[in-house]
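One-letter residues, chain by chain:
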Amino acid sequence: MSLSYIPNLFLLTGGSVVGSSLEAVINGVIDFVQSPAFAVILALLIVLFIAWILLRIYGSMRAARLGRIIYERRFSEEGVYEGDEVELIEIIRNPGFFPLLGVDVESYFFNELELEEYEADGSSTMQYCISRFHLWPYMQIKRHHRITARKRGHYQLQIATIYAKKAPIPVEAPAELYVYPKAIPLNLPVIAVGRMQGDFVSNRPLFLDPFSLAGIRDYRFGDSISQINFKASARVPMSGSSSSPLKVNARDYCASRRLMIYMNFHPPVDGRIDGEQYYKRAEKGLSFCAALVRDTIYGGFSVGFAANCKAIDGELSSRFPCESSEAHLMAVMKEMARMNPADGASFSSLLEADIRDGMRDTEIIVVAFDQSEEMLDRIALLEQFGNSVQTVILEQEDDEDGQ
């Protein structure tokens, strides 16, 4: 058999089958290219390719403009009492024409500031939160989050992070909240100093006589609504020189009221108290003091507060003189929020400072874990100067019944 016969034999056997199959495939491809389905698929591929290119361009431009976002946050109140609710307000603004969609702002919150409908992880001391925003050109969004203040303290938020694929963008977004001690009424009558102050003009009457009027005066902080003289207030011209548009009935006053509150953070002398009990009693004592300060200032008293606790800034005691203004009340409450429940300076030194200054005619309330002989000696000296002194002891039953 000659070699020239082999190709001819191949074509007559298997070659004819392969050739027919290849021809069928080619014909099928030609038919598919000429069909309407190929035009649709080709158009779809072109659209997807263009969309992919646009997404790449958008992603690169978006990453460059995320750093221009203006983000800030604040609490709706400067301070609240423990257990109260407050709002955290987020404000984000897109200052440019380029739309920014799906912007995630990440931040951490203290577990003591409980976000509404958020289950905190008990194994962590912070809550991890993400806020997502869709910002169209020049859009500003304001978002409100309900928060319950679960624990006394001074809480400061500093950094938020705008999520980006290449590198997170940190943003300075400070927010500050004071959580004051929960105000627990002590139901303790404030004993007035037992002598008349006939030579002094006072700010509060010893008793209110509705028929004893000394005239009409401007409204002052601490005056009750029942004292307002609405007829006299209505006669005040809108452009008048009076400092207050409200007028109240001026009474005949016969006694001034000054209250000084001391809290002793020194543990009991016998030392039979563990850390948890000490913390609970100290918090309860601060709650008593907060209620006394708030209620008596609103009642028109001049109120002072002193405590021998360690502050966050390292001070071993805190002291506020007797004053009667809203600013004074807020200053005392903020200091109570910042207090670290731990024994600081000697409690006797707090009392001795006022003894040296000659404190007189003041109603004094002492909140303490117990009474030492040294403390009783200082109290006796204060009483000799014409002050009335009451002592509130934080006992074991306060821990058990939640009073």
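Now for a quick tour of the structure. This is a predicted model, so every value here is computed, not measured.

### Considering the packing of aromatic side chains
A full pass over the atoms with the stated rule returns six aromatic pairs. Each ring, one from Phe110 and one from Tyr155, has its centre 5.3 Å from the other, and the planes form 55 degrees; the classification is tilted. Taken together, the residues Phe110 in strand S4 (residues 100-110) and Tyr155 in strand S8 (residues 153-162) connect sequence positions 45 residues apart. When its relative accessible area of 22% is taken as the criterion, Phe110 is described as partly exposed. Assessed through its relative accessible area of 7%, Tyr155 is described here as buried.

### Regarding unusual backbone geometry
Leaving glycine out, the prevailing phi sign among residues is negative, and the prevailing peptide bond configuration is trans. One non-glycine residue, Tyr138, lies in the positive phi region at around 60 degrees. On the basis of relative accessibility, which here comes to 57%, the residue Tyr138 falls in the exposed class. The backbone of Asp361 sits at a positive phi, close to 55 degrees, despite the residue not being glycine. Position of Asp361 among the secondary structure elements: in the loop between helix H6 (347-356) and strand S17 (363-368).

### Description of the sheet that holds strand S3 (residues 85-93)
Read across the open sheet, the four strands follow the order S1-S3-S7-S5; overall the sheet is antiparallel. Two strands lie at the open edges of the sheet, namely strand S1 (70-75) and strand S5 (113-115), each paired on one side alone. On average, each strand axis in the sheet is inclined to that of its neighbour by 30 degrees, with strand direction left out of account. Strand direction decides the pairing type here: S3 and strand S7 (residues 140-149), joined by nine bridges, are antiparallel. Across the sheet, residue Ile91 finds its bridge partner in S7, namely Lys142.

### Observations concerning the sheet that holds S4
Spatially, S2-S9-S8-S4-S6 is the arrangement adopted by the five strands of the open sheet, whose pairing is mixed. Strands at the two margins of the open sheet, each flanked by one partner only, are strand S2 (79-81) and strand S6 (126-135). Neighbouring strand axes in the sheet, compared pairwise and without regard to direction, differ in orientation by 25 degrees on average. Helix H5 (residues 326-338) rests against S2, S8 and strand S9 (169-180) of the sheet, and its axis sits at about 110 degrees to S9.

### Describing the packing of H6 against helix H7 (residues 373-384)
How two helices pack is summed up by the angle between their axes together with the distance between the axes. Following both chains from N to C, one finds H6 and H7 inclined at 15 degrees, their axes separated by 10 Å at the closest point. Of the possible angle classes, the one that applies to H6 and H7 is roughly parallel. Crossing hand, H6 versus H7: left-handed. Residues Phe347, Ser348, Leu351, Glu352 and Ile355 of H6 touch H7, and the partners they reach there are Glu374, Met375, Arg378, Leu381 and Leu382. For the contact of H6 with H7, a count of residues per class yields six nonpolar, one polar and three charged.

### A few points about the pairing of strand S18 (residues 388-393)
Taken together, the six bridges between S17 and S18 define a ladder with parallel strand orientation. Within the sheet, the bridge partner assigned to Val366 lies in S18 and is Thr391. Crossover handedness for the path S17 to H7 to S18: right-handed.

### Some words on H7
Note: α-helices contain 3.6 residues per turn, so residues at a spacing of three or four share the same orientation. Counted at 1.5 Å a residue, the expected span for H7 with its 12 residues is 16 Å, and the 17 Å between its end C-alpha atoms agrees. Those residues of H7 that sit buried are Met375, Arg378, Ile379 and Leu382. Projected down its long axis, H7 carries its buried residues within an arc of 100 degrees, all on one side. Exposed and facing more than 90 degrees away from the buried side of H7 are Glu373 and Gln384. Where H7 is buried, its residues touch H6, S17 and S18. Positive backbone phi, at 90 degrees, marks Gly386, one or two positions downstream of H7.

### As for the nonpolar core
Ranked by internal contacts, the top residues of the largest apolar core, which has 37 residues, are Ile261, Met263, Phe265, Val293, Phe305, Met333 and Met336. For this core, the secondary structure elements donating two or more residues are S9, strand S12 (258-263), helix H4 (275-298), strand S13 (302-307), H5 and S17. In terms of residue count, the dominant contributor to this core is H4 (10 residues). Look past the residues within four positions of Met333 in its chain and what remains in contact with it is Tyr81, Tyr180, Ala290, Val293 and Arg294.

The rules we used
- Residues numbered from 1 in each chain as written.
- Predicted model: local features only at pLDDT ≥ 70, side-chain atom pairs only at ≥ 80, totals over all residues.
- Heavy atoms only, no water.
- Phe/Tyr/Trp six-rings, centres within 6.5 Å; stacked < 30°, edge-to-face > 60°.
- Helix = DSSP H or I, 4+ residues; strand = E, 2+ residues; numbered from the N terminus.
- Buried < 20%, exposed > 50% of the residue type's maximum accessible area, 1.4 Å probe, protein only.
- Pairing = 2+ DSSP bridges.
- Axes fitted to C-alpha atoms, helices over the stretch in contact; angles between N-to-C directions.
- Contact = heavy atoms within 4.5 Å.
- Parallel < 35°, antiparallel > 145°, perpendicular 65-115°, else oblique.
- Left-handed = near helix turned anticlockwise from the far one by under 90°.
- Nonpolar A, V, L, I, M, F, W, Y, C, P; charged D, E, K, R; others polar.
- Right-handed = clockwise from strand over helix to strand, strands pointing away.
- Expected span 1.5 Å × (residues − 1).
- Arc of directions from axis to C-beta.
- Core = buried A, V, L, I, M, F, W, Y, C linked by side-chain atoms within 4.5 Å.

These figures capture arrangement, not role.
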